[in-house]
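The primary structure of each chain is shown beneath.
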Amino acid sequence: MSSSSSSVLVTGGAGYIGSHTVIELLNDNQSVVVIDNLINASYEAIRRIERITGKKVTFYKVNLLDKKALLEVFQRHSIGSVIHFGGLKAVGESSRIPLDYYDINMTGTIHLLQVMQTMDVKQFVFSSSATVYGDPPLIPIPETSPLASTNPYGRTKQFVESIIQDICNVNNSNWSAALLRYFNPAGAHPSGLLGENPLGVPNNLMPYLSQVAIGKRASLSIYGKDYPTKDGTAIRDYINVVDLAKGHLAALKKLGDSKNPTGCVAYNLGTGHGSTVLEMVQAFSNAVGRPLAYEIVDRRPGDVANLTADPTKAKTELNWEATIQLDETCASLWHWQSKNPNGLEDCPGDAPPES
Ligand code: WQD
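Every value quoted in this text rests on a predicted model; they were computed, and no experiment measured them.

### Overview of the packing of aromatic side chains
One pass over the full model with this rule turns up 5 aromatic pairs. Above the face of the Tyr227 ring, Arg299 is positioned so that its terminal group lies 3.9 Å from the ring centre. Above the ring of Tyr267, the side-chain terminus of Lys313 is found at 5.2 Å from the ring centroid.

Set out below in structure tokens:
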């Protein structure tokens, strides 16, 4: 936790979940330093954070593979803790370019951990994913469910979790780490100024569906209607992005300090409630106020029938739970998408100030 004199470093802080988390940190009067390589994000997200919070954001365009630049940020600021979002996150893409995923998601994270160790910064919140569970034996999924990733993206998350665990297991290492396994982030900031800003064709359901609603996509392809579920379409646990962001603040506040390190602990960040794809189409259609076009096609390789969280551990240990209901999540997504039909792409000038 950043003390009065130290800052929280947020990597990937211009991204979807990172930017919403920076807002919650600033609203909690935390001192924040943001780095992002802007490969998958726009600097406009930083400007929107400043508009929403009324606070200036300290930002550096840094690639985690540039260890020297990373070290300079730690030398320029008194960093007390790190929340690490920076990385590539598309399941399908990871099967096409696995080496890039292993390089950025693992080498980049190892550089970050090495610099933290050098600078004696031992409080770490890691952006993990429910995809580490693969096709779980038990629903809802507890954190004790076996880790069985089925794609390179998921494996990078699973391998990094093991690296962090090993660091924390070193005698007298004094590390405190929270591994946050997200289920399906959805929705947007209630201001309508910030939301998911996927480059190109969205991989994920809700951003694709919202682009159907604004006429950017003709219709949604629903991947499979032959799953063993109430309506045959797959079930996921869609968690509002603001709830998810607040989960990071809660985890940060629970991290131990060097005198009382907590070691490495994993938490599911989900609602505990599963929704089918057709239920999500209906919920978002209700927010838009008209039916949305879709067609049923074959299953997508690698998809599983159901990923629904058991969020009990986060509730009891982090004193956190998701509270935003699905209709509000869909309304926030529609508010964001209808106000920003091209996401953050249209905004003037993307170059951040010289770092
Ligand atoms: C949700 C459901 C699809 C698109 C992945 C990652 C996870 C996280 C979120 C990063 C599934 C169906 C989707 C479409 C569809 N990413 N779908 N048509 O696959 O559950 O999770 O993204 O952290 O780690 O694994 O999310 O939104 O792609 O799919 O029918 O055009 O919607 O089959 O059932 P997923 P998703």
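We are not done yet, so read on.
### Details of the site of the ligand
By nearness alone, 19 residues border the ligand, and Ser129, Tyr153, Leu205, Arg236 and Asp303 come closest of all. Here an oxygen atom of the ligand and a side-chain polar atom of Asn204 are 2.9 Å apart. Contact distances for the ligand include 2.7 Å between an oxygen atom and a side-chain N or O atom of Arg236. For the ligand, the accessible surface in isolation is 680 Å², of which the surrounding protein chains cover 92%. Element by element, the count of residues in the shell around the ligand is highest for strand E8 (residues 220-223), at 4 residues. Of the residues belonging to the shell around the ligand, the class tally is 9 nonpolar, 6 polar and 4 charged.

### Structural notes on the sheet that holds strand E9 (residues 235-236)
Spatially, E12-E9-E14 is the arrangement adopted by the 3 strands of the open sheet, whose pairing is mixed. Unpaired on one side and paired on the other, strand E12 (275-276) and strand E14 (306-307) mark the two borders of the sheet. With 2 bridges connecting them, E9 and E12 associate as antiparallel partners. By the bridge assignment, Ile235 is partnered in E12 with Thr276.

### Brief notes about the UniProt feature "domain: NAD(P)-binding" (unreviewed entry) in the protein chain
UniProt's feature table lists "domain: NAD(P)-binding" (unreviewed entry) at residues 9-331, given in the numbering used throughout. Annotated as residues 9-331, this span is 39% helix and 18% strand, and its ends, taken at the C-alpha atoms, are 31 Å apart.

### Here we look at the sheet that holds strand E5 (residues 123-129)
Sheet architecture is open: 7 strands sit in the order E3-E2-E1-E4-E5-E6-E11, paired in parallel fashion. Two strands bound the open sheet, and with one partner strand each, they are strand E3 (58-61) and strand E11 (263-269). Strand-to-strand twist across the sheet, computed as the mean angle between neighbouring axes with direction ignored, equals 20°. Pairing geometry for E5 and strand E6 (residues 176-182), over 7 bridges, is parallel. Bridging from a neighbouring strand, Phe124 pairs with Ala177 of E6.

The rules behind each value
Residues numbered from 1 in each chain as written. Predicted model: local features only at pLDDT ≥ 70, side-chain atom pairs only at ≥ 80, totals over all residues. Heavy atoms only, no water. Phe/Tyr/Trp six-rings, centres within 6.5 Å; stacked < 30°, edge-to-face > 60°. Lys NZ or Arg CZ within 6 Å of the ring centre and 35° of its normal. Near = heavy atom within 4 Å. Polar contact = N/O pair within 3.5 Å; in protein donor to acceptor, adjacent residues only side chain to side chain. Areas by Shrake-Rupley, 256 points an atom, 1.4 Å probe, with all protein chains shown as cover. Helix = DSSP H or I, 4+ residues; strand = E, 2+ residues; numbered from the N terminus. Nonpolar A, V, L, I, M, F, W, Y, C, P; charged D, E, K, R; others polar. Pairing = 2+ DSSP bridges. UniProt positions renumbered as here; feature names shortened; annotations may be inferred. Axes fitted to C-alpha atoms, helices over the stretch in contact; angles between N-to-C directions.

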